[in-house]
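Spelled out from the first residue to the last, the chains are:
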Amino acid sequence: MHIDAICETNGKGWLIWAAQCPGAFARGATENEALAKLPGDVRRFLRWAGEPAGDITVTPGAPIESGLHTEDADSDLLLEADCAPMTEADYAAAKLLVLKSARDFCTLFESIPNPDISPRAPRTSFYGPVPRTPREMYDHTNSTTAYYMAAFGIPFENMPDLYANRLQALAEIEEREELLTGKVCTAPDGERWTLRKLLRRFLWHDRIHARAMWRTAAPLWGSAVADPFGFR
């Protein structure tokens, strides 16, 4: 499988996106470090999605300069691939993955014997205190849904259950068939969004925090902690 890598940096850290595999990504202090990690994350993502990986080659594009905190995984890129129209079949396939991701996120969280403890030291990032406990990670991941919906002009009140919240968000999106055309919407903060970007961000944001959740809980409870994303 060939991957075009979109390389984003602010000079302090790198985010690398896999154009042909929305949801797969890598981070690193340097471009080479992040690029070296990308094939492994693509393989993990494809295994999780139930697809064959095979050999993976990566072609990096020219670095994209960002004014955001890429070292803390802050990104507002609208990729070229995000702007392609979607058929109803395209959307249906992507929806299955986005719902599987939400369901697996809940499975991981619910397997943790005590989601309110963490060995992680307190840390702050561009958006404030970084979630330390699995419950904080769950709540943070779920809370972004209303933010995403606002980008499309959709008033939305988050529900506490992440899977139910995801279902409701997609139901609201599906009322706007024009989004299948690749229509670009501008959020109140100026960030540009499309339907493909929304689906990519659901997958990416789930995975980045699911990985942190698993790494927080697995050393404490071992195999009792579910690993539906295949991080082990």
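Each value, and the rule that gives it
Per chain, residues are indexed from 1 in the order of the written sequence. For this predicted model, a pLDDT threshold of at least 70 governs which residues receive local features, and a threshold of 80 or more governs which side-chain atom pairs are given and counted, while totals over whole chains, interfaces and linings are taken from all residues. Heavy atoms from the whole structure form the basis of all side-chain values; hydrogens and water molecules are not counted. Helix numbers and strand numbers start at the N terminus; a helix is a DSSP run of H or I with at least 4 residues, a strand a run of E with at least 2. Multiplying one less than the number of residues by 1.5 Å gives the expected span of a helix. Categorising residues by exposure relies on relative accessible area from a 1.4 Å probe, with only protein chains included: less than 20% of the type maximum marks a residue as buried, more than 50% marks it as exposed, and the intermediate range marks it as partly exposed. For this analysis, a nonpolar core means a set of buried residues of the types Ala, Val, Leu, Ile, Met, Phe, Trp, Tyr and Cys, connected via side-chain atoms within 4.5 Å. Contact definition: two residues touch when any of their heavy atoms are within 4.5 Å. Only the stretch in contact is used when fitting a helix axis, every axis being a line fitted to C-alpha atoms; angles between N-to-C directions are given from 0 to 180 degrees. When describing relative orientation, an angle under 35 degrees is termed roughly parallel and one over 145 degrees roughly antiparallel, while 65 to 115 degrees is termed roughly perpendicular and anything else oblique. Handedness of each helix crossing follows the sense of rotation of the near helix against the far helix: counterclockwise by less than a right angle gives left-handed, clockwise gives right-handed. Nonpolar residues are Ala, Val, Leu, Ile, Met, Phe, Trp, Tyr, Cys and Pro. Charged residues are Asp, Glu, Lys and Arg, and all others, Gly as well, are polar.

1. Some words on helix H5 (residues 195–221)
For H5, which comprises 27 residues, the first-to-last C-alpha distance of 38 Å matches the rise-based estimate of 39 Å (1.5 Å per residue) to within 8%. Burial of H5 is extensive: 22 of the 27 residues sit out of reach of the surface. Directly after H5, the chain includes Gly 222, whose backbone phi takes a positive value near 60°.

2. Quick word on the nonpolar core
Counting residues in each nonpolar core, the largest one holds 61 residues, and the members touching the most others are Ile 16, Val 42, Phe 152 and Leu 198. Residue assignment for this core shows that the elements contributing at least two residues are strand S1 (2–9), strand S2 (14–18), helix H1 (31–49), helix H2 (88–111), helix H3 (134–151), helix H4 (162–174) and H5. When residues in this core are grouped by element, the largest group, eleven residues, is from H5. Sequence-distant contacts of Val 42, defined by excluding residues within four places in its chain, comprise Met 1, Ile 3, Ala 18, Cys 21, Ala 24 and Ile 56. Core analysis: the second largest hydrophobic core is formed by eight residues, Ile 6, Trp 17, Trp 204 and Ile 208 among them.

3. Considerations on the packing of H3 against H4
Where H3 contacts H4, the axes come no closer than 10 Å and their chain directions differ by 10°. When the axis of H3 is compared with that of H4, the two are roughly parallel. The crossing of H3 and H4 is left-handed. When H3 is examined against H4, the residues Tyr 138, Thr 141, Asn 142, Thr 145 and Met 149 are found in contact with a partner set consisting of Leu 162, Asn 165, Ala 169 and Ile 173. Of the residues belonging to the contact of H3 with H4, the class tally is five nonpolar, four polar and no charged.

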